[in-house]
Amino acid sequence: MLKNIKYIILFFAKEIKDSIIKYKSIILFSFIIRSKKHANFLKYLKLNENYWKKFDTKLSSESKVLITDFVSLPGYTITTSIIGKFVSNIENCSPCGLVRDGDIRGSMIMKSFGAKNVFCLDRGSFINRLKFFIKSIKILNKINDIDEFIKFKYEKTNIGMAVYDHIIRFTGMASTNKISFKFYYFLSLALSANSYCKNLFKKNSIHTVIISELKWIPGSIIFENALLSNCKVYTHEGGTKR
């Protein structure tokens, strides 16, 4: 019980910190984008938009190609957008995008490739985020060890493996045998992403998905939900130079 209260307090602190960073970045970007330093970026967007208009055809609005990018680096966003643009023309599907919440630059790049609608992986209100964190506490309180957690599935999605891989990647640890606060927090992110993806695929006629990363959060969650929704999935191998 005391551990749960401790983790909820840590959750509040983490959410406050992340919210400050997020809104600070959004406000700074709105000022930076107007500076002379970024004039070339705006020029690129306009030139790119005009260039791809030459290849525009009357695409079906009944089915969509979802272009995703959660690396949030222009090289990856542009690469997946180029793939998505060609796939949408070949398969006669309208392109749309999916980026992390607050990724204004990524959204602008995708729109310059003809993606009229770009979704943001929104975690919802604070109450909604707290709801998923409490759910993660309930789940992990029933799990005995790391091996059992790795095998954990939720709504046919390998949530446990995704969370474990995500923690290993971003902490730099080779492995871990301790279920710490990070497991609770990242599990809540995975559950939230899974809920968002299921709703996204249910309400939109997505035929094909372009993904830059098939692992971690939310890449693996998007990937598995795409397969469960009988979508084609395209991904590129290697970095942006390959």
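Residues numbered from 1 in each chain as written. Predicted model: local features only at pLDDT ≥ 70, side-chain atom pairs only at ≥ 80, totals over all residues. Heavy atoms only, no water.

## Let's talk about the packing of helix α7 (residues 159–171) against helix α8 (residues 181–203)
Helix-helix packing: each pair is described by the crossing angle between the helix axes and the interaxial distance. The cut-off we apply is this: Throughout, an axis means a line fitted to C-alpha atoms (over the contacting stretch in the case of helices), and angles, computed between N-to-C directions, take values from 0 to 180 degrees. Elements are defined by DSSP. Helices are runs of H or I of four residues or more, strands are runs of E of two residues or more, and each kind is numbered from the N terminus. Each angle is binned into one of four classes, with values under 35 degrees roughly parallel, values over 145 roughly antiparallel, values of 65 to 115 roughly perpendicular, and all other values oblique. A clockwise turn of the near helix away from the far one marks a right-handed crossing, whereas an anticlockwise turn of less than a right angle marks a left-handed crossing. We call two residues contacting when some pair of their heavy atoms lies within 4.5 Å.
Contact geometry of α7 with α8 gives a least axis separation of 9 Å together with a crossing angle of 125°. Judged on the interaxial angle alone, α8 and α7 are oblique. α8 is crossed by α7, and the crossing has right-handed handedness. For the pair α7 and α8, the contacting residues are Ile 159, Val 163, Tyr 164, His 166, Ile 167 and Thr 171 in the first and Lys 182, Phe 183, Phe 186, Leu 187, Ala 190 and Asn 194 in the second.

## Some details on the pairing of strand β3 (residues 117–121)
A regular strand places its side chains on the two faces of the sheet in alternate fashion. Formally: In this scheme, strands are said to pair when DSSP sees at least two bridges between them. Seen with its strands pointing away from the viewer, a crossover is right-handed if its path from the first strand over the helix to the second goes clockwise.
As paired elements, strand β2 (residues 93–100) and β3 share five bridges and run parallel to each other. In the sheet register, Val 99 faces β3, and the bridge partner there is Cys 120. Traced from β2 through helix α4 (residues 104–112) to β3, the parallel crossover comes out right-handed.

## Concerning the pattern of salt bridges
The line we're drawing: Salt bridges are identified by distance alone: a Lys or Arg side-chain nitrogen within 4 Å of an Asp or Glu carboxyl oxygen.
This model, assessed by the stated rule, comprises seven salt bridges. Across the salt bridge formed by Lys 22 and Asp 101, the nearest N and O atoms sit 2.5 Å from each other. With a gap of 79 residues between them, Lys 22 in helix α1 (residues 2–32) and Asp 101 in the loop between β2 and α4 connect regions that are remote in the sequence. Residues joined in a network through salt bridges with shared partners are Glu 15, Arg 123 and Arg 129.

## Concerning the layout of surface pockets
Our working definition: Of the grid points, spaced at 1 Å and generated over the protein atoms alone, those admitting a 1.4 Å probe that cannot get out make up cavities, while open sets with protein on both sides within 12 Å along at least five of seven lines make up pockets; any residue with an atom within 4 Å of a point is treated as lining. Grid points are joined across faces, edges and corners, and a volume is the space filled by probe spheres set on the points. Charged residues are taken to be Asp, Glu, Lys and Arg, nonpolar residues to be Ala, Val, Leu, Ile, Met, Phe, Trp, Tyr, Cys and Pro, and polar residues to be all remaining types, Gly included.
One number sums up the size of the largest pocket: a volume of about 1400 Å³. Contributions of two or more residues to the lining of the largest pocket are made by α1, α4, α7 and α8. In terms of residue count, α1 provides more of the lining of the largest pocket than any other element does, twelve residues in total. When its residues are assigned to classes, the lining of the largest pocket shows 20 nonpolar, nine polar and 14 charged. Quantified by volume, the second largest pocket comes out at close to 380 Å³. Lining the second largest pocket are 18 residues; nearest its centre among them are Asp 56, Lys 85, Pro 95, Gly 114 and Lys 116.

## With respect to helix α5 (residues 126–140)
Operational definition: Here the expected span of a helix is defined as 1.5 Å times the quantity of residues minus one. Buried residues are those whose accessible area, probed at 1.4 Å on protein chains only, stays under 20% of the maximum for their type, while exposed residues exceed 50% and partly exposed ones sit between those limits.
The end-to-end C-alpha distance of α5 is 21 Å, a good match for the 21 Å that 15 residues give at a rise of 1.5 Å each. Residues Arg 129, Leu 130, Phe 132, Phe 133, Ser 136, Ile 137, Ile 139 and Leu 140 constitute the buried set of α5.

## Some thoughts on a nonpolar patch on the surface
Our working definition: Candidate patch residues must exceed 30% relative accessible area and have no salt bridge, after which like charges are joined if within 9 Å and Val, Leu, Ile, Met, Phe, Trp or Tyr side chains if within 5 Å. Here the accessible surface of atoms and residues is derived via Shrake-Rupley with a 1.4 Å probe, and residues count as covered only by protein chains that are part of the display.
Taken together, the side chains of Met 1, Leu 2, Ile 5 and Ile 9 define a hydrophobic patch exposed on the protein surface, amounting to about 500 Å² of accessible area. Residue placement: Met 1 occurs in the segment before α1.

## Considering empty space enclosed by the protein
This structure, assessed with the given rule, holds one cavity of 30 Å³ or more. Of the volumes computed, that of the largest cavity is approximately 40 Å³. Lining of the largest cavity is provided by Thr 68, Phe 70, Ile 211, Ser 212, Glu 213, Gly 219 and Ile 222.

## Section: the packing of aromatic side chains
Applied cut-off: Two aromatic rings from Phe, Tyr or Trp, using only the six-membered ring of Trp, form a pair when their centres are within 6.5 Å; if the ring planes differ by under 30 degrees the pair is stacked, by over 60 it is edge-to-face, and anything between is tilted. Criterion for a charge above a ring: Lys NZ or Arg CZ within 6 Å of the ring centre, and within 35 degrees of the ring normal.
Under the defined criterion, the tally for this structure stands at 15 aromatic pairs. Their ring planes at 50° and their centres at 6.3 Å tell us that Phe 11 and Tyr 185 sit as a pair that is tilted. Residue Phe 11 is found in helix α1, and its partner Tyr 185 is found in helix α8; the two are separated by 174 residues along the sequence. The exposure classification of Phe 11 matches that of Tyr 185, with both residues buried. Through a chain of ring-to-ring contacts, three or more aromatic side chains come together here, namely Tyr 7, Phe 11, Phe 12, Phe 126, Phe 133, Phe 181, Tyr 184, Tyr 185 and Phe 186. If you follow Lys 131 out to its NZ or CZ, it ends over the ring of Phe 132, 4.9 Å from the centre. Just above the ring of Trp 216 sits the side chain of Arg 169; from NZ or CZ to the centre is 3.8 Å.

Such coordinate-based values are descriptive only and should not be taken to indicate function.
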